[in-house]
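Structural features, examined
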Amino acid sequence: MNDAFKYVQGTGNVIGIVSDNRKNMVISALRLFGLRKFVNLHAFNVKLWEGYCPKHKMVADILQKAEFKEIGPESVYWFDDKEYSKEALSIGVNFIKVGLKTNVMKVVKELVG
């Protein structure tokens, strides 16, 4: 994952995090795995929800920020281990479902060249 994050950052793209977890735990995990330095904190929307987590709204909230206004939703790739393709479609972003065997680096290289 470290190589994939480094590659994406090197292409000038932004890496954001949307998560249904405690913020401090997500930041700790990112630091532990050496990934924190690759994440743009303006594209960081982490909150522990009771019940259903509206991740698509969390992604949309990031895209509404001034620094991301010029990024069209078609340029956004949402990676998740759960199925959110319908939610992604509802806000016009791309969705990629990943699992333990997903070669993230291969997927990233196909998307960003």
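Further up the page is the structure itself.
What this report covers is the structure whose coordinates are included nearby. (Residues numbered from 1 in each chain as written. Predicted model: local features only at pLDDT ≥ 70, side-chain atom pairs only at ≥ 80, totals over all residues. Heavy atoms only, no water.)

1. Quick look at the packing of aromatic side chains
In this structure the tally under the stated criterion is three aromatic pairs. Ring centres 6.4 Å apart and planes at 75 degrees place the aromatic pair Phe5 and Phe38 in the edge-to-face group. With a gap of 33 residues between them, Phe5 in helix H1 (residues 2-10) and Phe38 in the loop between helix H2 (23-32) and strand E2 (39-46) connect regions that are remote in the sequence. Since its relative accessible area comes to 14%, Phe5 is described here as buried. On the basis of an interplanar angle of 85 degrees and a centroid distance of 5.7 Å, the ring pair of Trp78 and Phe95 is categorised as edge-to-face. With a gap of 17 residues between them, Trp78 in strand E3 (residues 77-80) and Phe95 in strand E4 (residues 94-97) connect regions that are remote in the sequence. Residue class for Trp78 comes out buried when judged on its relative accessible area of 7%. Aromatic ring contacts, followed pair by pair, group Trp78, Tyr84 and Phe95 into a single cluster. Residue placement shows Lys47 over the ring face of Trp49; its charged tip is 4.1 Å from the ring centre. The cationic tip of Lys109 hangs over the ring face of Tyr7; the distance from NZ or CZ to the ring centre is 5.5 Å. (Phe/Tyr/Trp six-rings, centres within 6.5 Å; stacked < 30°, edge-to-face > 60°. Helix = DSSP H or I, 4+ residues; strand = E, 2+ residues; numbered from the N terminus. Buried < 20%, exposed > 50% of the residue type's maximum accessible area, 1.4 Å probe, protein only. Lys NZ or Arg CZ within 6 Å of the ring centre and 35° of its normal.)

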